[in-house]
Amino acid sequence: GEGEGEGQVDGQEQEEEEEEGADVASHVGQASPYPTWLKGDRVTLGRDGDTGDFTGSMHASFLSPPLIQVPHLSFALSPNSSPDSGPAPATATALSDPPCSLRAALIAAATSRDVTSILARLVEQTRTNVHAVVARTFEAAERGQTETCTEKAIASAIFPTAALFNHSCVPNVLFSFNGRWIIARAERDIHPGEVLFVSYGPLATRDKTAQRLEALSQQYHFQCTCPPCQTRAVDMSHCILCPCGGPIPNHSHPCLTCNRLLTIADREHISAQVLLSHALRDKVNACRDPVRKVSHFRHLISVLSEICHPRNVVLATAHDQLSLELAECGQWAQAVAASEQALLFVLPQFGPESVEYGHELMKLAQLQANAGMLSEAMTNARKARDVLRTHGRDDEVAELTQMLTCL
């Protein structure tokens, strides 16, 4: 907090909570009776009845019910409570997780008549300790051949145990939600003694280093020191195509293959192609005829391919959108080819265990099934199911299982 008034969280307390999370994670790894948690296993945190230490088991689910769940970006008392009586007793009796500052504050709120200052403190703490609960919605395209999935934060919930995890931009644990429950799964194999990390939002595969550092500093008040933030790796998502075919990360960086810098003529050519691509994008957005829209997309990709490396997100997005347009027209084989081009960006950018790669594989498998490429569709559907299962995408895993049964 910037001030020193009552109800504000100072930086020292935030650091203490971060350190407490690191201790919990260390105990979990060391006390686990199993050699590793394998990728996709549910990670369990609990207290040993004799020693009081945190222990781990990979056979039970890490399921933590929320203490309070309220509409997103708001904080409210129970409908049956009042400022004089404090929150409903059920809020306090629901506490079953290890002690933390939130727990102490909630118990105090349930027993104290001076609720105003306690709630003010809780509101400040929600900035760093609540989890946004997300839900997925599906919307069919205009011609009904495809649908778009979007994620939206629908609520904020307090999970005291889950709030103890520290952040890394390359986490080894993933959170997912099932109704009012939060589930933690190992993103990769985790060995005894490893500290468990989740992402507070920023990811090294998705966000630039400067953006990650700024976001974490503004909301969580700490400077991230995970390996990607320390090395400040070069962002590859907007690579320019070098004449040698290699990637140039940006205008001031040399080619990673031949070490060549852009010349003035190169820069002028790139500027001209960018302007042309903007004009073509406007045509695509304005066009309502599906056949002409596909033609505009192909022209746009042709222009972008002259200046964008395959790892450029702009070119990959154009390929992805073209595949959807071709699917809407029933041109399944060509849609498969466009989707495979998009994978050239997704796989190296996000990695083979990422949810982005899982979604792209799922999309490709569906296109291949419609194109009659049954063997390829089954292979990619199995890969996608394995990846998405790790991320707790149970509805998509069920859809892929049904698809494999039909194939």
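For the structure itself, consult the block above.
Below is a short write-up of the structure. (Residues numbered from 1 in each chain as written. Predicted model: local features only at pLDDT ≥ 70, side-chain atom pairs only at ≥ 80, totals over all residues. Heavy atoms only, no water.)

## Section: the packing of aromatic side chains
The tally for this structure, following the rule as stated, stands at four aromatic pairs. With 4.8 Å between their ring centres and 50 degrees between their planes, Tyr200 and Tyr220 make a pair best called tilted. With Tyr200 in the loop between strand S10 (197-198) and helix H5 (209-220) and Tyr220 in helix H5, the pair connects residues that are 20 residues apart, well separated along the chain. The exposure class of Tyr220 is buried, given its relative accessible area of 10%. (Phe/Tyr/Trp six-rings, centres within 6.5 Å; stacked < 30°, edge-to-face > 60°. Helix = DSSP H or I, 4+ residues; strand = E, 2+ residues; numbered from the N terminus. Buried < 20%, exposed > 50% of the residue type's maximum accessible area, 1.4 Å probe, protein only.)

## Section: the side chain of Ser354
Within the fold, Ser354 resides in the loop between helix H10 (332-350) and helix H11 (355-370). At 3.5 Å, the side chain of Ser354 forms a polar contact with the backbone oxygen of Phe350. A polar atom in the side chain of Ser354 sits 3.1 Å from the backbone nitrogen of Tyr357. Apart from the residues lying within four places of it in its own chain, the contact partners of Ser354 are Val387 and His391. (Polar contact = N/O pair within 3.5 Å; in protein donor to acceptor, adjacent residues only side chain to side chain. Contact = heavy atoms within 4.5 Å.)

## Re the environment of Ala333
Examined against the element boundaries, Ala333 turns out to sit in helix H10. Each C-alpha atom, one on Ala333 and one on Ser323, is 9.5 Å from the other, the two residues being 10 residues apart in sequence.

## Observations concerning the pairing of strand S8 (residues 173-178)
Relative to strand S9 (residues 181-186), S8 runs antiparallel, the two sharing six bridges. Paired with Phe177 across the strands is Ile182, a residue of S9. Connecting the antiparallel pair S8 and S9 is a turn made up of two residues, with Gly179 showing a positive phi of about 65 degrees. (Pairing = 2+ DSSP bridges.)

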